[in-house]
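Residue-level structure breakdown
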Amino acid sequence: MARDEIAKRYASAIYNIAKSSDSINEVREVLNIFMENYEEEEEFRKILEDPLKEFSEKEKFLEKSFDHFTKESLGIVKYIVRKQRLSLVGDIKEYFLKLYYEENNKLPITAIFAKELSEKQRELLIEKLEKKYGKKIVLNLEVDKEIIGGGILKIGNEVINGSIKNQIEEIKKNF
């Protein structure tokens, strides 16, 4: 079975568990923290991937690391570790979020600009995007000083590049 399909199955099962226990936001948070720790913390990754450590040792480590989460959320993390699906954590989280956004009619968009937007600009951008796409927008703003001006929107696999840098590159290509 393809890696993608496995991640989708896990995400779907986790989403259904989270939904039935009314803990979608907490599970979303625990998956996010789990993924970040796994990807960024070498010691965290070593402990969980160590083939010589018994699962009970790993379980105790997880209980200490995630002690502020409910038993159900912690159980999801333990299950991923027990089934040795650590390398899929990022994909599982991504598909989990996709299910959440689809069910709640939300659309995640990453907007990259040369400088921070004011609150008014942010509100106007969200309003225009909600009108265009007919969904509640979850906006992730980023700043990239190399853009010069304008902005870039990432909507799923679509990229709308309205940066001045991109426009200059287009003009260069045409000449």
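Residues numbered from 1 in each chain as written. Predicted model: local features only at pLDDT ≥ 70, side-chain atom pairs only at ≥ 80, totals over all residues. Heavy atoms only, no water.

1. Remarks on the layout of surface pockets
Within this model, the largest pocket holds a volume of roughly 710 Å³. Among the elements of the structure, helix 6 (89-103), strand 1 (106-113), strand 2 (136-143) and strand 3 (151-155) are those that each provide at least two residues to the lining of the largest pocket. The biggest single contributor to the lining of the largest pocket is helix 6, with eight residues. Per-class residue counts for the lining of the largest pocket are nine nonpolar, five polar and seven charged. (1 Å grid on protein atoms, 1.4 Å probe; cavity = no way out; pocket = protein on both sides within 12 Å on 5 of 7 lines; lining within 4 Å. Points joined across faces, edges and corners; volume = space filled by probe spheres on them. Helix = DSSP H or I, 4+ residues; strand = E, 2+ residues; numbered from the N terminus. Nonpolar A, V, L, I, M, F, W, Y, C, P; charged D, E, K, R; others polar.)

2. So, the pairing of strand 2
Alignment of strand 1 against strand 2, held across eight bridges, turns out to be parallel. Across the sheet, residue Ile-109 finds its bridge partner in strand 2, namely Leu-139. What joins strand 1 to strand 2 is helix 7 (residues 119-133), and the crossover it makes is right-handed. (Pairing = 2+ DSSP bridges. Right-handed = clockwise from strand over helix to strand, strands pointing away.)

3. Quick word on the packing of helix 2 (residues 24-40) against helix 6
A pair of packed helices is captured by two measures, namely the crossing angle of their axes and the spacing between those axes. Between helix 2 and helix 6, whose axes approach to 9 Å, the crossing angle comes to 155°. Overall, the two elements helix 2 and helix 6 adopt an arrangement that is roughly antiparallel. Helix 6 is crossed by helix 2, and the crossing has left-handed handedness. Residues Ile-24, Asn-25, Val-27, Arg-28, Leu-31, Asn-32, Phe-34, Met-35 and Glu-39 of helix 2 lie in contact with helix 6, whose contacting residues are Val-89, Gly-90, Lys-93, Phe-96, Leu-97 and Tyr-100. When its residues are assigned to classes, the contact of helix 2 with helix 6 shows nine nonpolar, three polar and three charged. (Axes fitted to C-alpha atoms, helices over the stretch in contact; angles between N-to-C directions. Parallel < 35°, antiparallel > 145°, perpendicular 65-115°, else oblique. Left-handed = near helix turned anticlockwise from the far one by under 90°. Contact = heavy atoms within 4.5 Å.)

4. Regarding the nonpolar core
Counting 33 residues, the largest nonpolar core has Ile-14, Phe-34, Leu-62, Phe-66, Ile-80, Ile-92 and Phe-96 as the members making the most contacts within it. Elements represented by at least two residues in this core include exactly helix 1 (3-20), helix 2, helix 3 (42-49), helix 5 (71-82) and helix 6. Those residues within four positions of Phe-34 in sequence are excluded, and the remaining contacts are Phe-44, Leu-48, Leu-62, Phe-66, Val-77, Ile-80, Val-81, Leu-86 and Val-89. Counting 11 residues, the second-largest nonpolar core is a separate cluster that includes Ile-109, Leu-125, Leu-129 and Ile-137. (Core = buried A, V, L, I, M, F, W, Y, C linked by side-chain atoms within 4.5 Å. Buried < 20%, exposed > 50% of the residue type's maximum accessible area, 1.4 Å probe, protein only.)

5. Quick notes on the pattern of salt bridges
Per the counting criterion, the structure on display carries six salt bridges. Where Arg-3 meets Asp-91, a salt bridge forms, and the shortest distance between an N and an O atom there is 3.2 Å. Taken together, the residues span a long stretch of sequence, with Arg-3 in helix 1 and Asp-91 in helix 6 at a distance of 88 residues. Under the relative-accessibility criterion, Arg-3 is labelled partly exposed at 44%. Lys-78 is the salt-bridge partner of Glu-63, the closest N and O atoms lying 2.7 Å from each other. Remark: Lys-78 occurs in helix 5 and Glu-63 occurs in helix 4 (residues 55-65); sequence separation between them is 15 residues. A network of salt bridges, in which partner residues are shared, links Glu-59, Glu-63 and Lys-78. (Salt bridge = Lys/Arg side-chain N within 4 Å of Asp/Glu carboxyl O.)

6. Observations concerning the sheet that holds strand 1
Taken in spatial order, the four strands of this open sheet run 2-1-3-4, and their pairing is mixed. Across the chains shown, the open sheet's two edge strands, defined by having one partner strand only, are strand 2 and strand 4 (158-161). Averaged over all pairs of adjacent strands, the angle between strand axes in this sheet comes to 20°, irrespective of strand direction.

7. Notes on the environment of Gly-134
The residue Gly-134 is located in the loop between helix 7 and strand 2 in this model. Gly-134 sits 28 residues away from Lys-106 along the chain, and the two C-alpha atoms are 9.1 Å apart. Each residue touching Gly-134, except ones within four places of it in the same chain, is listed here: Asn-105 and Leu-129.

So yeah, pure geometry; function would need other evidence.
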